[in-house]
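Listed here are the chains, written in short residue letters.
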Amino acid sequence: MNILGVHWGEHDSAACLVQDGRLVAAVEEERLNRIKHAPFAFPLRAARYCLEAGGITPEDVDIVAFSFAPSVGLGRGILHAARNFPKANFIALTEVVRRAWYLAQSAFARYSLKLPARTRSIYVPHHLAHAASAFFCSPFDKAAVLVVDGMGEWPATSLYQGLGNQLHSVATVNFPHSLGFFYSAFTEYFGFDPFDGEYKVMGMAAYGEPRFHERLCDIVEILNGANYRLDLRYFNFHREYGRTTWYSPHMVDVFGPASASTQMPEQHYLDIAASVQQRLEDALFHLVDYLHQQTQLPNLCMAGGVALNSAANGKIAQRGPFERLFVQPASSDSGCALGAALYVHHSILKNESRDPLRDVYLGPEYDSDEIEADLRRNLLNYEIVENPSEIAAVLLTEGKIVGWFQGRMEFGPRALGNRSILADPRQADMKDRINAAVKFREPFRPFAPSVIEEKSDDYFENVGGSPYMLRVTQVRPGMDERIPAVTHVNGTARLHTVSHESNPLYHELIQCFGEKTGVPVVLNTSFNVRGEPIVCTPKEAIACFFSSGLDALILDRFLLHKPARDNAAGDRPGLS
Ligand SMILES: [Fe+2]
């Protein structure tokens, strides 16, 4: 049974292939079409890759599962527009167009992928797809499931109980009371893209004091049960979605003009960010407590864009009441491709057997011959190394910033040691060096540590395993001085624990660095520059190497050094 999962949304289009219940391939369209978040793009390249990786042709696809259901929430959308007449008329129009688009997805997929007539199309409600992506990828056969995003068809927050191969609804909070859009509106107020800046706000929050928390308690009012309400006077997204700012003039009246600088915002904005983060966490804790009270289960699964808030995740894991937490690593909408396919496999086809996610190395890979051909075609000097992990570790000890490209590309927003930029975390100035010379991004944003799993407790508190870099935890007292480049201003780190089983080569690299320095931790950031998706192909890695301040590049077993005169951004050969 071949199920092709497709998420074709306003952003983060993706595809995956589930064969007889096993997830064999998944990739975001942005990595292949090279447009960040691939807005509105049908994931044609991604789907074709998944079929190829699964060794099948379109003729073999039994079911295509989509991550939106056209009929969900249409009535509520029209009612909302009527209530907010005339301003929300654009919303009503958008809702009708959106649903027509969802309905057309099946026909478009059939036509563009040349699927046979026997292939079935199944539409899975968006939040069920999110929930299934978390529950069926988790190691649990019973769990509470929390989905929090901007909005699906109409729900903004959904609570479920997962039992065996079924998901049962516990509660729903509908748009416009959206925690995702609440955070996005403030993201835009701080001067960032509301679809691509939430993690920047999380980074800002650590620099601020939450002195506006009381005001934020009025903006997000926590109610009994699974309920909360937004004070909609502060927002525009529910009235003129897509046509104006997400925050309203009332926000400016209360907090002052929007931030003019994104490089290092004034303290006023840092304090608002800290307050926004704290209020988001309040609301999540409330939902988590309610879910525990209703389900009385020890396990919690989370998905939806808000589940990428690793600072909140770390606190949820630490405070309980759930004993174990699994956050789906591609929690934003791209993960809905997985969820749609897994929901069909488990809940619709009623398959009992489970195949928990082992890692996220589900994307394209390139063999040595292909990589060497690329290098030769571009007349590049390279060395063949038999021990890339050890060579990389030595380069890091020399203070080099290293591009590290191995095996299958990661699915999800985090680079987890196959498409990573690595550096020595012991050097205090490394964060500024990488920010200025390689990533070209805001100076306040922290970098994450990768640590070998067996040593993680020595450096970090309350680890509990963080294989997907989705949990912020405290750096142990005294250890912050050993790894200053990956310790955030508030003494925390967005942790990535690496096991030998999940990634032997990367584990060996960190272990080797630890043997040479006494610190089994490396700085790990995604292999891209600002505004571009993470590199997928060797050619993109080479282009990124020459267009940034990277010192060395290890592609599979090929090592490239940059001549000293070229060691600056912008000095890039033309690649073919
Ligand atoms: Fe979503």
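Preceding this section is the structure that the text describes.
Overview of the structure. Values in this document were obtained by computation on a predicted structure and should not be read as measured data. Numbers given to residues run from 1 along each chain, matching the order in which its sequence is written. Local features in this predicted model are restricted to residues of pLDDT 70 or higher, and side-chain atom pairs are both shown and tallied only at a pLDDT of 80 or more, whereas totals for entire chains, interfaces and linings draw on every residue. Water and hydrogen atoms play no part in the side-chain values, which are based on all heavy atoms of the structure.

Let's shift gears to the overall build of the chain. Within the chain, the regular secondary structure consists of 18 helices and 21 strands. Its C-alpha atoms give the chain a radius of gyration of 23 Å, within 12% of the compact-globule value 25 Å for 576 residues. Once the C-alpha set of the chain is aligned to its principal axes, its extents read approximately 65 × 60 × 45 Å. Burial classes follow relative accessibility: with a 1.4 Å probe on protein chains only, a residue under 20% of its type's maximum area counts as buried, one over 50% as exposed, and anything between as partly exposed. When the 576 residues of the chain are sorted by exposure, 62% land in the buried category. Contacts were defined at the residue level, with two residues in contact if any of their heavy atoms lie within 4.5 Å. Restricting to contacts in the chain with at least 6 residues of sequence separation, those with at least 24 account for 71%. Under the convention used here, a 1.4 Å probe and the Shrake-Rupley method define accessible areas, while residue burial counts only the protein chains that appear. Working note: accessible area of the chain is about 21200 Å², and carbon and sulfur atoms make up 50% of it. One way to put it: in the chain the 54 positive side-chain charges average out to a point 4 Å from where the 66 negative ones average out. Strands are runs of DSSP state E lasting at least two residues, helices are runs of H or I lasting at least four, and both sets are numbered from the N terminus onward. Each radius of gyration reported is based on C-alpha atoms, and the globular scaling rule is 2.2 Å times the count of residues to the power 0.38. Here Asp and Glu are counted as negative and Lys and Arg as positive; His is not counted, and neither are the chain ends. Charge placement uses NZ in Lys and CZ in Arg. For Asp and Glu, CG and CD serve respectively.

What follows is about the coordination of the iron ion. Reference values for coordination geometry: four tetrahedral donors around a metal ideally subtend 109.5 degrees, six octahedral donors ideally subtend 90 or 180 degrees. Taken together, the protein donors to the iron ion comprise His 126 (NE2), His 130 (NE2), Asp 149 (OD) and Asp 333 (OD), at separations of 2.1 to 2.3 Å. With 4 donor atoms in place around the iron ion and angles of 88 to 163 degrees between them, the coordination shape is irregular. Metal coordination here is assigned from N, O and S atoms located within 2.8 Å of the ion, or within 3.2 Å for Na, K and Ca; omission of water means that sites may look incomplete. Expressed as a motif, the donor residue spacing for the iron ion is H-x3-H-x18-D-x183-D. Of this pair, His 126 and His 130 are both found in helix H5 (residues 126-135), 4 residues apart, which corresponds to roughly one turn of the helix. Every geometry call rests on angle ranges, with four donors termed tetrahedral when all angles are between 85 and 135 degrees, four termed square planar and six termed octahedral when opposite donors are over 155 degrees apart and all others are between 65 and 115, and everything else termed irregular.

Moving on, we get to the sheet that holds strand S8 (residues 166-174). One requirement defines pairing of two strands: DSSP has to find at least two bridges between them. Strand order in this open sheet of 5 strands is S8-S7-S6-S11-S12, and the pairing throughout is mixed. Two strands close off the open sheet at either side, each with one partner strand: S8 and strand S12 (324-327). In this sheet, neighbouring strand axes are inclined to one another by 20 degrees on average, regardless of whether the strands run parallel or antiparallel. With 8 bridges connecting them, strand S7 (residues 155-163) and S8 associate as antiparallel partners. Bridge pairing links Thr 157 to Val 173 in S8. Lying over the sheet, helix H11 (residues 310-319) contacts strand S11 (299-303) and S12, oriented at roughly 160 degrees with respect to S12. Only C-alpha atoms enter the line fits that serve as axes; for helices the fit covers just the stretch in contact. Angles between N-to-C directions range over 0 to 180 degrees.

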